[in-house]
Amino acid sequence: MDQEKELYYVEGLPIPETPRPGENPSPWKSTRIIGKAVPRVDAYERVSGSAVYPSDVSLPNMLYGAILRCPHPNARVKRLSTGKAKSMPGVHAVISGQTPAADLPWSYSSSGIRIKSKLFDPRCRFEGETVAAVAAETSYLAWDALRTIDVAYEVLPAVSDERVALDQGATAVYEEGNKVGPARSYERGDVGKGFAEADVVLEDSYRTECEVHTPMELHGCVANWEGDRLTIWESTQGVYRVQQSVAEILNLPLSKVRVIGHYMGGGFGSKLQAGKYTIIAALLARISGRPVKMFLSREETYLVVGNRPPSNMTLKAGIKRDGTLTALDFACAGTGGAYPAGGISLVDWQVRDLYKCPNVRTNCTDIYINAGPARPFRAPGHPQGSWALEQMLDALAEAIDMDPVDLRLKNISLYSQARDGQPAYTSTGLRDCLEEGAKAFGWKQAQERIASAGNRGDIRRGVGMASGLWIAGGGRPPSTIILKLFSDGSVNLNMGASDLGTGTKTVMALVVAEELGVKPETIQIEHADTGTTQYATPSGGSKTVPTEAPAVRAAAISLKQQLLEIAAQDLAVEPATLTFRAGSIVSRKDSSKKIRFTELSGLKKRGVVVGIGYRGPNPENKVTNPFAAQFCEVEVNTGTGEVRIIRFLGAHDSGRVMSRLTYDNQVFGGITMGIGLAMTEARVLDKNHTGKMVNRNWHDYKLPTALDVPEDIVSLPIEPDDTEANTTGAKGLGEPVTIPTAAAVANAVYHATGVRITQTPINPVQLCRLLAENRKEG
Ligand code: MOS
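Residues numbered from 1 in each chain as written. Predicted model: local features only at pLDDT ≥ 70, side-chain atom pairs only at ≥ 80, totals over all residues. Heavy atoms only, no water.

For the protein chain, the count of helices and strands is 19 helices and 32 strands. The C-alpha atoms of the protein chain give 28 Å as radius of gyration, which agrees with the globular expectation for 778 residues (28 Å, within 12%). On the principal axes, the C-alpha backbone points of the protein chain span a range of 90 × 75 × 45 Å. Looking at the protein chain as a whole, 62% of its 778 residues are labelled buried. Once local pairs closer than 6 in sequence are excluded, the contacts in the protein chain between residues at least 24 apart make up 80%. (Helix = DSSP H or I, 4+ residues; strand = E, 2+ residues; numbered from the N terminus. Rg over C-alpha atoms; globule rule 2.2 N^0.38 Å. Buried < 20%, exposed > 50% of the residue type's maximum accessible area, 1.4 Å probe, protein only. Contact = heavy atoms within 4.5 Å.)

Okay, the nonpolar core next. In this structure, F631, V634, F648, V745 and I762 are the most contacted members of the largest nonpolar core, which totals 90 residues. For this core, the element with the highest residue contribution is helix α18 (residues 741-753), accounting for eight residues. Discounting residues that sit within four places of it in the chain, V634 has contacts with R460, R461, G462, V643, R644, I645, I646, A748, V749 and A752. Within the second largest apolar cluster, 62 residues are counted, among which are Y174, V212, V242 and I279. (Core = buried A, V, L, I, M, F, W, Y, C linked by side-chain atoms within 4.5 Å.)

Look at helix α17 (residues 660-680) against α18: their axes get within 7 Å of each other, and the N-to-C directions meet at 55°. Put simply, α17 runs oblique to α18. The element α17 and its partner α18 pack so that their crossing is right-handed. The residues of α18 that touch α17, namely those facing G670, I671, G674, I675, L677, A678 and M679, are T741, A742 and V745. The class makeup of the residues in the contact of α17 with α18 is seven nonpolar, three polar and no charged. (Axes fitted to C-alpha atoms, helices over the stretch in contact; angles between N-to-C directions. Parallel < 35°, antiparallel > 145°, perpendicular 65-115°, else oblique. Left-handed = near helix turned anticlockwise from the far one by under 90°. Nonpolar A, V, L, I, M, F, W, Y, C, P; charged D, E, K, R; others polar.)

Once that is clear, we can look at the environment of L389. Of note, L389 is situated in helix α10 (residues 382-399). Excluding residues that lie within four positions of it along the chain, L389 makes contacts with L315, L328, Q350, V351, L354 and Y355.

Let us look at the packing of aromatic side chains. Using the criterion set out here, one finds 16 aromatic pairs in the structure. A ring pair is formed by Y9 and F597, whose centres lie 5.4 Å apart and whose planes are at 90°; its orientation type is edge-to-face. Taken together, the residues span a long stretch of sequence, with Y9 in the loop between α1 (2-8) and α2 (43-48) and F597 in the loop between β27 (594-596) and α16 (601-606) at a distance of 588 residues. Pair check on accessibility: Y9 and F597 agree, each one buried. (Phe/Tyr/Trp six-rings, centres within 6.5 Å; stacked < 30°, edge-to-face > 60°.)

In a beta sheet, neighbouring strands are held together by backbone hydrogen bonds and run either parallel or antiparallel to one another. Strand order in the open sheet formed by three strands is β6-β2-β8, with antiparallel pairing between adjacent strands. Either end of the sheet is taken by a strand with one partner, and the two such strands are β6 (123-124) and β8 (150-155). Across six bridges, strand β2 (residues 75-81) lies against β8 in antiparallel orientation. Residue pairing in the sheet places L80 in a bridge with V151 of β8. (Pairing = 2+ DSSP bridges.)

With the rule as written, the count across this model stands at 37 salt bridges. D42 is the partner of R46 in a salt bridge, and the nearest nitrogen-oxygen pair spans 3.1 Å. Here the salt bridges share partners, and the residues they tie into one network are R449, R461, E633, E635, R644 and R647. (Salt bridge = Lys/Arg side-chain N within 4 Å of Asp/Glu carboxyl O.)

For an α-helix the count is 3.6 residues per turn, leaving residues at separations of three or four pointing the same way. Considered for burial, the residues of helix α4 (residues 139-147) that qualify are A142, A145 and L146. When α4 is viewed along its axis, its buried side chains cluster within an angular range of 105° and face the same direction. The exposed residues of α4 that point more than 90 degrees off its buried face are Y140 and R147. Among the structural elements, β1 (63-69), α3 (83-87), β3 (91-96) and β7 (130-136) are those in contact with the buried residues of α4. (Arc of directions from axis to C-beta.)

This part takes up the packing of helix α6 (residues 239-250) against helix α7 (residues 276-288). Following both chains from N to C, one finds α6 and α7 inclined at 55°, their axes separated by 10 Å at the closest point. Considered as vectors, α6 and α7 are oriented oblique to each other. Regarding α6 and α7, the two cross each other, and that crossing is right-handed. Packed against α6, whose contacting residues are V242, S245, V246, I249 and L250, the element α7 presents T278, I279, A282 and L283 at the interface.

Over its 21 residues, α17 extends 29 Å from the first C-alpha to the last, a length consistent with the 30 Å expected when each residue adds 1.5 Å. Taking burial as the measure, the 21 residues of α17 include 15 buried ones, the bulk of the element. (Expected span 1.5 Å × (residues − 1).)

We now examine unusual backbone geometry. For the bond from P477 to P478, the omega torsion is 5°, close enough to zero to count as cis. Relative to the elements of secondary structure, P478 occurs in the loop between β21 (459-469) and β22 (480-486). In this structure, the amide linkage connecting T760 to the following residue, P761, adopts the cis form with an omega of -10°. In this fold, P761 is placed in the loop between α18 and α19 (764-777). In this structure, N61 is a non-glycine residue whose phi angle is positive, near 75°. Within the secondary structure, N61 is located in the loop between α2 and β1.

Glancing now at the sheet that holds strand β17 (residues 311-319). Strand order in this open sheet of five strands is β9-β19-β18-β17-β10, and the pairing throughout is mixed. The open sheet has two edge strands with one neighbour each: β9 (184-188) and β10 (200-208). On average, adjacent strands in this sheet sit at an angle of 5° to one another, irrespective of strand direction. Note: β10 against β17, nine bridges, orientation antiparallel.

Across the six residues that make up β3, a large majority, five, are buried. Judged from the five bridges that link them, β3 and β7 form a sheet pairing that is antiparallel. Its bridge partner lying in β7, I95 is registered against A133.

What follows is the structure, encoded as structure tokens:
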């Protein structure tokens, strides 16, 4: 039996004490496996290509679906004829707004503003709206069939720029006008008084361009009916959210809708809910009686799956000579397109809550235009607000001759100023992020090095930094986890949550490993399947680890408590006298009283011991938020306007590091995405003519590549030992890492050149123009 121990358990590993039934687990003091750089549990599958993503699913007899989309940004479908498509050999289903079974309601929003629309709405308010769909033997045949569908559009004038959409005479996206409800405003203190008390008042305007969701795996699914049961393999962040909308729209019981999403190639907020393609695939499969695979093309995803909306911002700030902020007055106007799900919300949150300031006013206006819908996009609103606030902080620091890091240190808040009741944070690592980050980066030394080199001539160096906080993270109920210990001592972990590729499964395996001593790679994980796992909320909001990990820990503890009971009977001792070694249970007093898991009579008899764990509540009147500070160095060629990012450092307080490898991966990925916002990404609409998107592919829409991202990125975890947030102390990392990046780059470019780039992207065209203006003035 020693072989089994070697196979499944880490020899000699001390196991944390087990709380008695009913007792709350105390936070881990030190950990053995949690926080280590352990390879991902599914690394082999991912690297070898054997992992089956939804886009890899291939069923016998499967058809391919394709969607006809409105080519105009604003139009009405007057007539539509699908006769030719229906009669094509190999075409098995054709649907449109005229198909009674497809005459279904649709809402683009999963929260906030819900505008009623239809699955096939004759009123198309953005380029790419669905008009008809087909299922055929091959995808080529399906696309050919689409081209035979005859549509007469009434083409309407469109508005493609939110900066003119509120002007007199602008085309109205909706009859009520282009303003999405009343502006949202927030105020605390008295900004007028605050500005009067200031020694320096600065004001500037800022803009961030629209970033489009373009994850590696395209959006889509495979749908298959077996009798009255529908199974969908979908590339999604949350199988239960998809199940919910499919059941609701198709009027099916939840029990009859199985959604599976074992692997997925990136979502970033654009795969938090079902798409129209999901419903369309299910309908085509029902009509044809065959499984249907429906994945969008890359071009389609650029038009319809969502974006980080553009933001036009102004910020006025008052400060005293000693660095005390006295007032912040912020306004933002942005657009979530024709269906602003997730619109411009949260753009003002950094201004409201990051730095201590008694007088703050914000005002946000969301505007309709004829373009694809906004979606949550990795830290919705936050990088945009950060672009304004962090550049302003830099300018204020210069104006009062204070170091940018010192200015931020001067204004740290230990409680959330913008929430009702101003609750304290369970932990605030911002001070350490700033101090430790600056030290590790060599902030002072870099400034001195650059100053002493003179920094004249064409090639100039600069360093910049920015900090941030993420409104969410922290996690919350509900989560239910089931952990099974089989008779051979092997373990099965069952959870509903999706692993977005961030390493969720690995983190959860490490929690089980920490509590039971089992080798993480031997744990079998069932997840993200509404047919076989427990309810979970979508993976998003940087809440997956802090939501699920405490429930996994609770399940492991429940399992251990049961094992202690069984062992106590077998050994004829009190459960409280027993403790765990990896794979076995021993008496504290008498080490000869020892029993392996596999020898436990109760386990032998039942074949399995099941631990169930739930996510407990968060502490009352407290808030759990992650914090960050990032530092970078750039080299600017003032002749060509090219900016090379030399190095980056991300100091992050996301609570306890659960898995060092996936933690660092998140930091690298988040900084890369932030560099995209800062330097390369922008949706380009042909706003003076057709209103169509002109850069809808990976060639013309510039994502940062390996050549745009520095090799030298340092991840510096700041672990504040948060004992209140939850039983693991993790706070969430996915989104905070992308918040301060763009502003840090802009600040570094300013340091290098004296040119403040207030509009993204920082590209040679813009920089050359600004440098020329600067020379003229200079
Ligand atoms: Mo996120 S933007 O909650 O996937």
